[in-house]
Amino acid sequence: YLVLIQLFLGNSCRFIAKPCAINLGIQDSGPHRAQPNAILEKVFTSITKSPDGKRLEGLSKQLDWDVRKIQRWFRHRRNQDKPTTLTKFCESMWRFTFYFSIFFYGIRFLWTAPWFWDTRQCWYNYPFQPLTSRLYYYYILELAFYWSLMFSQFTDIKRKDFLIMFVHHLATIGLITFSYMNNMVRVGTLVLCLHDASDFLLEAAKLANYAKYQRLCDAFFMLFGVVFIVTRLGIYPFWILNTTLFESWELIGPYPSWWLFNGLLVTLQVLHVIWSYLIIRTASKALVRGKVS
């Protein structure tokens, strides 16, 4: 399944996302490239990407270049490593496609599931609960996707929240694997569906931003912020954590892995709080500036 996910991602970028981006006027042109220079390149790759004043003075004497020219070279060299808008558009396109598809598949599947309406059903007759084929495929696809995110995080576009996302992927993979091995898939499907509810809206906002549809970007981001905060700070603790912490204790009693399972779920809640703060801060800046940047 992991291989299939990777093939799907690669083909969607090549045959779907890239033509869409080109039709929207997004070019595959990168930033201005720095003039080739072996000495400066060695400093950039081996020592520092942002040299201080003392080092700049030394390089200026060594190359007989003006300090401002050297500063400009380092600025161009740093920008040279940044991904193009087309690359970022393609990445957001395949993420949007997966999140959108898996969320509505999950909603359609869970709508007829009794535990979707009564979370106590997650623990009745536990652990002797049947694993249907639809539930199995839903679980395995989600697990394969998060494993692909874990691997591709080291080759995809580097972002400021790299460490937080790494912890998130570890916690998510641990929860999916752990709940599957312990047949806690009923409550696991609720966690997965809840997390997918807002992710495709964020990717839609990014796509609109890359295509320079600012008003559409603002609308999607504000909608994403509302859905994220409602689901992650409202529904998640009062619906998911309530059933895993209290209803499970009441119906089946404490079990050896209870602490690990709930520890991972609480870790996710801590990440939700951090991300909610970042979203609110971004929304506040957008209100001042008049647009989401």
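Residues numbered from 1 in each chain as written. Predicted model: local features only at pLDDT ≥ 70, side-chain atom pairs only at ≥ 80, totals over all residues. Heavy atoms only, no water.

Using the residue numbers shown here, the UniProt feature "transmembrane region" (unreviewed entry) corresponds to residues 96-116, 136-155, 162-181, 220-239 and 259-280. Helix makes up 100% of residues 162-181 and strand 0%, and the two end C-alpha atoms of the span are 28 Å apart. Annotated as 100% helix and 0% strand, the span residues 259-280 places its first and last C-alpha atoms 31 Å apart. (UniProt positions renumbered as here; feature names shortened; annotations may be inferred. Helix = DSSP H or I, 4+ residues; strand = E, 2+ residues; numbered from the N terminus.)

This part covers the environment of A171. Along the chain, A171 falls in helix α8 (residues 162-181). We classify A171 as buried; its relative accessible area is 4%. In this structure the C-alpha to C-alpha distance between A171 and L268, which are 97 residues apart in sequence, comes to 7.1 Å. Other than its neighbours up to four places away in sequence, A171 contacts L264 and L268. (Buried < 20%, exposed > 50% of the residue type's maximum accessible area, 1.4 Å probe, protein only. Contact = heavy atoms within 4.5 Å.)

This part takes up the nonpolar core. The biggest cluster of nonpolar side chains holds 58 residues, and the ones touching the most others in it are L110, W115, Y236 and F261. Among the secondary structure elements, those contributing two or more residues to this core are α5 (85-110), α6 (114-117), α7 (133-152), α8, α9 (185-210), α10 (214-251) and α11 (258-289). Of the residues forming this core, the biggest block, 12 residues, is contributed by α9. Those residues in contact with F261 that sit more than four places away from it in its chain are W123, L175, F178, S179, M184, V187, T244 and Y255. (Core = buried A, V, L, I, M, F, W, Y, C linked by side-chain atoms within 4.5 Å.)

We now examine empty space enclosed by the protein. A complete count under the given rule lists 1 cavity of 30 Å³ or more for this structure. Its volume calculated, the largest cavity comes out at about 140 Å³. At the level of secondary structure, the elements contributing two or more residues to the lining of the largest cavity comprise α7, α8, α9 and α11. Here the element with the most residues in the lining of the largest cavity is α9; it accounts for 5 residues. (1 Å grid on protein atoms, 1.4 Å probe; cavity = no way out; pocket = protein on both sides within 12 Å on 5 of 7 lines; lining within 4 Å. Points joined across faces, edges and corners; volume = space filled by probe spheres on them.)

Moving on, we get to the confidence of the model for the protein. In the predicted model, the protein carries a mean pLDDT of 83, and the fraction of residues at 70 or more is 87%. The spread of mean pLDDT over the elements of the protein runs between helix α1 (residues 2-23), the lowest at 61, and α6, the highest at 94. (pLDDT = per-residue confidence, 0-100.)

One pass over the structure, following the stated rule, counts 30 aromatic pairs. Taken together, a centroid distance of 6.2 Å and an interplanar angle of 45° make the contact between W111 and F116 tilted. Note on W111: relative accessible area 52%, which makes it exposed. Grouping aromatic residues by their ring pairs yields a cluster made of W94, F98, Y99, F145 and Y146. The ring of W65 is capped by K69, whose NZ or CZ atom sits 4.3 Å from the centre of that ring. (Phe/Tyr/Trp six-rings, centres within 6.5 Å; stacked < 30°, edge-to-face > 60°. Lys NZ or Arg CZ within 6 Å of the ring centre and 35° of its normal.)

Now for the packing of α10 against α11. In the contact formed by α10 and α11, the axes pass within 10 Å of each other and the chain directions differ by 160°. On the basis of the axis angle, α10 is roughly antiparallel to α11. Crossing geometry of α10 relative to α11 is assigned as left-handed. Of the residues in the contact of α10 with α11, the class split is 22 nonpolar, 8 polar and 1 charged. (Axes fitted to C-alpha atoms, helices over the stretch in contact; angles between N-to-C directions. Parallel < 35°, antiparallel > 145°, perpendicular 65-115°, else oblique. Left-handed = near helix turned anticlockwise from the far one by under 90°. Nonpolar A, V, L, I, M, F, W, Y, C, P; charged D, E, K, R; others polar.)

Quick look at the side chain of D199 now. Looking at the secondary structure, you find D199 in helix α9. Polar contacts involving the side chain of D199 include one to the side chain of R232, which spans 3.3 Å. Non-local contacts of D199, meaning those with residues more than four positions away in its chain, are made with Y99, Y146 and R232. (Polar contact = N/O pair within 3.5 Å; in protein donor to acceptor, adjacent residues only side chain to side chain.)

Here we take up the pattern of salt bridges. Scanning all chains against the criterion turns up 4 salt bridges. With its nearest N and O atoms 3.4 Å apart, the salt bridge here joins R95 to E91. Highlighted residues: R95 and E91, both in helix α5, separated by 4 residues, approximately one helical turn. No difference in accessibility class separates R95 from E91, as the two residues are buried. Here E250 and R120 are joined by a salt bridge, their closest N and O atoms 3.2 Å apart. (Salt bridge = Lys/Arg side-chain N within 4 Å of Asp/Glu carboxyl O.)

So, on to the environment of M222. With respect to the helices and strands, the residue M222 is situated in helix α10. Relative accessible area serves as the criterion here: at 32%, M222 is assigned to the partly exposed category. The spacing of M222 and A286 is 64 residues in sequence and 9.7 Å in space, taken between C-alpha atoms. Non-local contacts of M222, meaning those with residues more than four positions away in its chain, are made with A283 and A286.

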